[in-house]
Amino acid sequence: MEVRTSSVGLRNLLQGLSFGVRYYSKHNHLQTMCLYSKIKQKKSHVLGCSASTCTHRTVPPGSILPWRFFSCKEGTKIPSKRKENTSIITSELLYKNLLKSEQENWNDISARYKAMTKRIKENLEELHKYTFNSGSPRMRFGENVYFEENGCIFLSKADDDEENVDILFSTEDLGFSDAFIQRVRISPDQRYIALSLKSKNSEEATCVIIKLGHFPVMEKVIPNVFSFEWATNDVLYYTSQKNLKCQNVFMTTFTNQKHTKLVYTEQDARFFVDIYCTKDRRFLTINSNSKTTSEVWLVDCRHPFKLPALVQARTEGVIYHIEHRNDELYILTTYGEPAEYKLMKAPVASSGMENWQLVYAPEEKTKLVDLELFSDHCVMFLKNAGHLYLSVISFVSHSVQSLKLPMWACEFELESHPEHTTSTCYFQLTSPVHPPKRFAYSFKENNLIEQAVQEVPIITNCHTTRLLAKSKDETLVPITVFHNMNSKELHRKPLLVHVYGAYGIDLNMSFKEEKLMLIEEGWILAYCHVRGGGELGLSWHKDGCQHNKLKGLHDLKACIMLLHELGFSQPKYTALAAASAGGVLAGALCNTDPELIRAMVLQAPFVDVLNTMMKTHLPLTIEEQEEWGNPLADEKCMEYIRSYCPYENIKTQCYPSVFITAYENDQRIPLTGVLRYVQKLRKAALDHASRTSNKGNWIPNIILDIQANGSHCDLSWEDSLNEVARHLAFLNKELEEVCHLQHHRKSCK
């Protein structure tokens, strides 16, 4: 499932345009701040505290949505209401019984992993002391610098010592002690600050507006808010979120005559609405996006009460996003050939597509990942063959400077630059095994400077290899491999393969402590950039979605086979890891080629594609049709989904061991589908073992760990640490047992 997150720059607009369904959070497994269990109001000493509470729209534990009744043919008996209620009750009882059974099963077998889980937790906690970056992103307004740490908002002066800071307030002061701060927006005159507060058990956030001063006053509490921006010093625009959808934009004022009114409503269920403020604060953009099409409306911040103005009416297949500079709109768009992102511009007064002029187009096979617009420069991050590049357009000299970033870099994160006139662009580079490093690009000096950081006292001799695997149709698929340079006999080392391949989103390659720990312990890590993801641009995504989904499966198989052929481990030491929509390809591979891997760990996996896409009453099914297709309207689509759906293709054969973590409060992956999948998979594996017991085949462990806390997108530090430790303990146990089993039993083929 795809999750939209608020970020600096246009990156999240580029990587998945709708607040869709099956994408797990891009944040590290090991979060760097404490997240809490539930947002709840407490008594507060803050003046003017509102009594509003944060509402949650999560599925209650133990409840399911009833099966839909399809219209009956003429002469067919229509089920009575009494029978319908009986069916619903039966389904609920079945669900609760399955849930209870799986919870009891996990309680029975968890003891075998307890000691190893404890050891892994201790190692990760020790490693976290060195890799935790205590420096939170800074927001600079003139001489004032704002930042957030551990639920507190701080203020310092730009040139003051870091220890000379003032604490403005904390979430506890506001009466939201069990929440974490997700987003911060400060009004232009710095009189107000708006925060979104979120719990780990809900996807909806609460927006709290504080009037700053000697005694901060909580002016307003708005529940179920996704994005928000200040249009002026006292006018705030925000989007409301309901059932994972954002389709309404509101304006609220903090003048003497306070009022709130609806500004925009999106009627098409495929589209998701959010708000963005241009870098120079001239316009707010109301962005309505599906996965293939977008439309933008402008709110003039000089006249915030005027009706929004349309930039360009939505055109099927054309995506665009807006920045502004000197009365010109800079348009990041897929318009024109090739249908990849490029930078164009048009006058504000005549913004129609017929007036768009090309400013910059990346070279072939180069992906424009993100950009940031400044007063005299435009900074662009590009990716080609797995390498990251920085290109800077000078609007003064009309030149383009390009710079290749360090070879080890796999991900970047732009820092906040509220002042578009700044002369320096700050960002961080990272990889799964490299903690974030801060860099600064100076426009005046035209050079890149690595900021001083505390060295991590751990091994740094990790080798990065980039490979290309030839898929079934001859397409070359990128693989990124990490391993310890001191490792010998790589064919005997354990291999952990990662895959995603959906929504045009790149495989998450940000730093995680557990990945670095695995490298230290001799593991090989491989990231397969299969079709359906976004690593090679929009065409790479298009070639792996809807009726092309099987190509991603073929890519994954080719990647694993190449790794083994080149001596990176072997099947009995190979494990596969996936989360959310990555579960589709991982689960499909287990059905078609189970002999390639020994074990698999899945986190909130999407494994029941067909049944989910048949249920239009689920909040995101309609909007997901652009990724998976519409099986209700197209029989060929239904059969195609059935051909790869993990749940539909389980059969009696030898499977790898599987560990699945799922969440009771997950609004994106219905727990019922995961329960059905686990039950069916376990039965198939046991049936195969019973039929072939005389041949000495092993019985795989099929484990489902259902978490009562947490949701699809966020986990607390402690929950996340425990979950990662359990996954790694399971993998270590499974791969350790190979050494003992291979001497006494035949390998599973």
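Each value, and the rule that gives it
Residues numbered from 1 in each chain as written. Predicted model: local features only at pLDDT ≥ 70, side-chain atom pairs only at ≥ 80, totals over all residues. Heavy atoms only, no water. Helix = DSSP H or I, 4+ residues; strand = E, 2+ residues; numbered from the N terminus. Buried < 20%, exposed > 50% of the residue type's maximum accessible area, 1.4 Å probe, protein only. Contact = heavy atoms within 4.5 Å. Areas by Shrake-Rupley, 256 points an atom, 1.4 Å probe, with all protein chains shown as cover. pLDDT = per-residue confidence, 0-100. Expected span 1.5 Å × (residues − 1). Core = buried A, V, L, I, M, F, W, Y, C linked by side-chain atoms within 4.5 Å. Pairing = 2+ DSSP bridges. Axes fitted to C-alpha atoms, helices over the stretch in contact; angles between N-to-C directions. Salt bridge = Lys/Arg side-chain N within 4 Å of Asp/Glu carboxyl O.

Time to look at the overall build of the chain. A tally of helices and strands in the chain yields 12 helices and 35 strands. Burial analysis of the chain (749 residues in total) assigns 58% to the buried set. Of the contacts formed within the chain by residues at least 6 apart in sequence, a portion of 61% connects residues at least 24 apart. With an accessible surface of roughly 31,500 Å², the chain has 51% of that area assigned to carbon and sulfur atoms.

Taken residue by residue, the chain gives an average pLDDT of 83. The fraction at 70 or more is 82%. Confidence drops under pLDDT 50 across residues 3–9; counting only partners more than four residues distant or on other chains, this segment forms 30 contacts. Here residues 740–749 scores under 50 on pLDDT; set against residues more than four positions off or in separate chains, the count is 10 contacts.

Turn by turn, an α-helix covers 3.6 residues, leaving residues three or four places apart pointing in a common direction. Counted at 1.5 Å a residue, the expected span for helix 6 (residues 549–565) with its 17 residues is 24 Å, and the 25 Å between its end C-alpha atoms agrees. Taken together, the buried positions of helix 6 are occupied by Lys549, Gly552, Leu553, Asp555, Leu556, Ala558, Cys559, Ile560, Leu562, Leu563 and His564. Positive backbone phi, at 90°, marks Gly567, one or two positions downstream of helix 6.

Bringing the nonpolar core into the picture now. Ranked by internal contacts, the top residues of the largest apolar core, which has 108 residues, are Ile479 and Leu556. Considering each element in turn, this core owes the most residues, nine residues, to helix 12 (residues 717–741). Ile153, Phe176, Leu197 and Met218 belong to the second-largest nonpolar core, a separate cluster that totals 20 residues.

Here we take up the sheet that holds strand 10 (residues 245–253). The seven strands are arranged 5-6-7-8-9-10-11 in an open sheet whose pairing can be described as antiparallel. Both edges of this open sheet fall to strand 5 (180–186) and strand 11 (260–265), since each of them pairs with a single strand only. Taken pair by pair, the neighbouring strands of this sheet meet at an average axis angle of 35°, ignoring direction. With six bridges connecting them, strand 6 (residues 192–198) and strand 7 (residues 205–211) associate as antiparallel partners. Paired with Leu195 across the two strands is Val208, which belongs to strand 7.

This part is about the pattern of salt bridges. Enumeration according to the criterion identifies 35 salt bridges in this entry. With its nearest N and O atoms 3.6 Å apart, the salt bridge here joins Arg282 to Asp300. Of this pair, Arg282 sits in the loop between strand 12 (272–277) and strand 13 (283–289) while Asp300 sits in strand 14 (residues 294–300); the two residues are 18 residues apart in sequence, bridging distant segments of the chain. Assigned by exposure class, Arg282 and Asp300 land together as buried. Here Lys557 ties to Asp593 by a salt bridge, and the two come within 3.1 Å at their closest N and O atoms. Residue Lys557 is found in helix 6, and its partner Asp593 is found in the loop between helix 7 (582–592) and strand 33 (599–603); the two are separated by 36 residues along the sequence.

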